[in-house]
Amino acid sequence: TQAVGPFNVPINGSATFEIRVSPREAVQLWSVARPALHTARITVHVGGMDGPAVDSYNVTFGVRDIHFDPDTGFYLNKQHVKMRGFCDFGPFGAVGAATPDRVHLYRAQVLRSVGGNAWRMAHNPPAPGRLDVMDRLGMLALDENHYYGDHGYPYGIYSPETLGQTVVDMADLVRRD
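Just so we're clear, the structure is a prediction, and the values are computed from it rather than from any experiment.

Draft legend 1. Molecular detail of helix α1 (residues 101-113). Spanning 13 residues, α1 covers 18 Å between terminal C-alpha atoms, matching the ideal 18 Å at 1.5 Å per step. For α1, the set of buried residues is Val103, His104, Arg107, Ala108 and Leu111. When α1 is viewed along its axis, its buried side chains cluster within an angular range of 130° and face the same direction. Summarising the geometry of α1, the exposed residues directed more than 90 degrees from the buried face are Arg102 and Ser113. Check the buried side of α1 and you find it contacts β6 (85-88), β7 (118-121) and α2 (128-137). Positive phi appears at glycine 115, one or two residues downstream of α1, with a value of about 95°.

Draft legend 2. Spatial organisation of the packing of α1 against α2. Look at α1 against α2: their axes get within 9 Å of each other, and the N-to-C directions meet at 40°. By the angle between their axes, α1 is oblique relative to α2. Where α1 crosses over α2, the two elements pack in a sense that is right-handed. For the pair α1 and α2, the contacting residues are Asp101, His104, Leu105, Arg107, Ala108, Gln109 and Arg112 in the first and Gly129, Arg130, Val133 and Leu137 in the second. Split by residue class, the contact of α1 with α2 holds 4 nonpolar, 3 polar and 4 charged.

Draft legend 3. View of the sheet that holds strand β3 (residues 66-69). The antiparallel open sheet is built from 3 strands, whose spatial order is β3-β4-β5. In this open sheet, the two strands that pair with only one neighbour each are β3 and β5 (79-80). Pairing geometry for strand β4 (residues 73-76) and β5, over 2 bridges, is antiparallel. By the bridge assignment for β5, leucine 76 is matched with glutamine 79.

Draft legend 4. Here's a closer look at the layout of surface pockets. Size it by volume and the second largest pocket reaches roughly 700 Å³. Arg64, Leu131, Asp135, Ala141 and Asp177 are the residues nearest the centre of the second largest pocket, which is lined by 26 residues in total. Elements with a minimum of two residues in the lining of the second largest pocket: β2 (53-61), β3, β4, α2, β8 (140-142) and α3 (163-176). With 6 residues, the top contributor of residues to the lining of the second largest pocket is α2. When its residues are assigned to classes, the lining of the second largest pocket shows 17 nonpolar, 2 polar and 7 charged.

Draft legend 5. A look at the pattern of salt bridges. Considering all chains together, one arrives at 3 salt bridges under this definition. Its salt-bridge partner being arginine 175, residue aspartate 172 comes within 3.0 Å of it at the nearest N-O pair. Here arginine 175 and aspartate 172 lie together in helix α3, a separation of 3 residues that amounts to about one turn. The exposure class of aspartate 172 is partly exposed, given its relative accessible area of 39%. The closest approach of N and O atoms between aspartate 177 and arginine 176, which form a salt bridge, is 2.5 Å. Classification of aspartate 177 by relative accessible area gives partly exposed; the value is 36%. The exposure class assigned to arginine 176 is partly exposed, which follows from its relative accessible area of 44%.

Conventions and cut-offs
Residue numbers restart at each chain and count upward from 1, following the sequence in its written direction. Reporting in this predicted model follows two pLDDT cut-offs: at least 70 for local features of residues, and 80 or more for side-chain atom pairs to be given and counted; totals over whole chains, interfaces and linings ignore these cut-offs and use all residues. Hydrogens and waters are ignored; side-chain quantities use all the structure's heavy atoms. Numbering of helices and strands starts at the N terminus; helices are DSSP runs of H or I of at least 4 residues and strands are runs of E of at least 2. In this analysis, the expected span of each helix is defined as 1.5 Å times one less than the number of residues it contains. Relative accessible area decides the class of each residue, using a 1.4 Å probe on protein chains only: under 20% of the type maximum gives buried, over 50% gives exposed, and in between gives partly exposed. Regarding the arc, it is the one traced by the directions from the helix axis to the C-beta atoms. Residue contacts are counted whenever heavy atoms from the two residues lie within 4.5 Å of one another. In this analysis an axis means a line fitted to C-alpha atoms, helices contributing only their contacting stretch, and an angle means the value between N-to-C directions, from 0 to 180 degrees. An angle below 35 degrees is treated as roughly parallel, one above 145 as roughly antiparallel, one from 65 to 115 as roughly perpendicular, and anything else as oblique. Here a crossing is called left-handed whenever its near helix is offset anticlockwise from the far helix by less than a right angle, and right-handed whenever the offset is clockwise. Think of it as three bins: nonpolar holds Ala, Val, Leu, Ile, Met, Phe, Trp, Tyr, Cys and Pro, charged holds Asp, Glu, Lys and Arg, and polar takes everything else, Gly as well. Strand pairing requires that DSSP identify at least two bridges connecting the strands. The distinction between a cavity and a pocket rests on a 1 Å grid over the protein atoms alone: a 1.4 Å probe fits inside a cavity but cannot get out, while a pocket stays open yet meets protein on both sides within 12 Å along at least five of seven lines, and a residue with an atom within 4 Å of a point counts as lining. Grid points are joined across faces, edges and corners, and a volume is the space filled by probe spheres set on the points. Salt bridges are identified by distance alone: a Lys or Arg side-chain nitrogen within 4 Å of an Asp or Glu carboxyl oxygen.

Structure representation (structure tokens):
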């Protein structure tokens with residue numbers, strides 16, 4: 001556990017913080033073989049650190065180095081990793097889009113049990129619960145957002161979304177996931 005701060009944020013304002021962990025060796029890297037996760041707890045106090053805590057939030061994250069080489073493939077933490085993945089075109093059958101996290105866990109465990117380490121989210125951003133399960137089990141997520149707008153037949157008949165709206169959708173997906 002390492003405390004940092006305090007950081008002051010003006011009323012109705014925002015601020016960006018960069019937190020460095022020292023020593024760097026204290027951070028375990030996330031990998032498919034060893035999915036090390038860390039938790040940052042953010043607590044908001046009114047009137048400084050001695051003031052009452054009015055909100056707190058835990059953020060779970062993994063630290064990793066990713067590199068794609070056009071000739072040799074994918075590297076995770078400077079190690080070549082072959083992605084053995086599956087494609088998912090939709091929710092879990094009759095359960096629908098409101099798939100419980102337990103179903104995400106079951107599906108990811110089945111994929112891992114047959115040697116899978118990657119899961120492609122075909123055409124739609126995945127449920128956040130699915131990404132959390134994948135992080136815990138050491139699965140790579142291939143997030144995808146279908147290109148909906150600003151092109152002709154046959155795609156243009158499915159959605160009136162413009163190219164600008166599509167770019168906003170993709171930016172939202174990257175920020176969220």
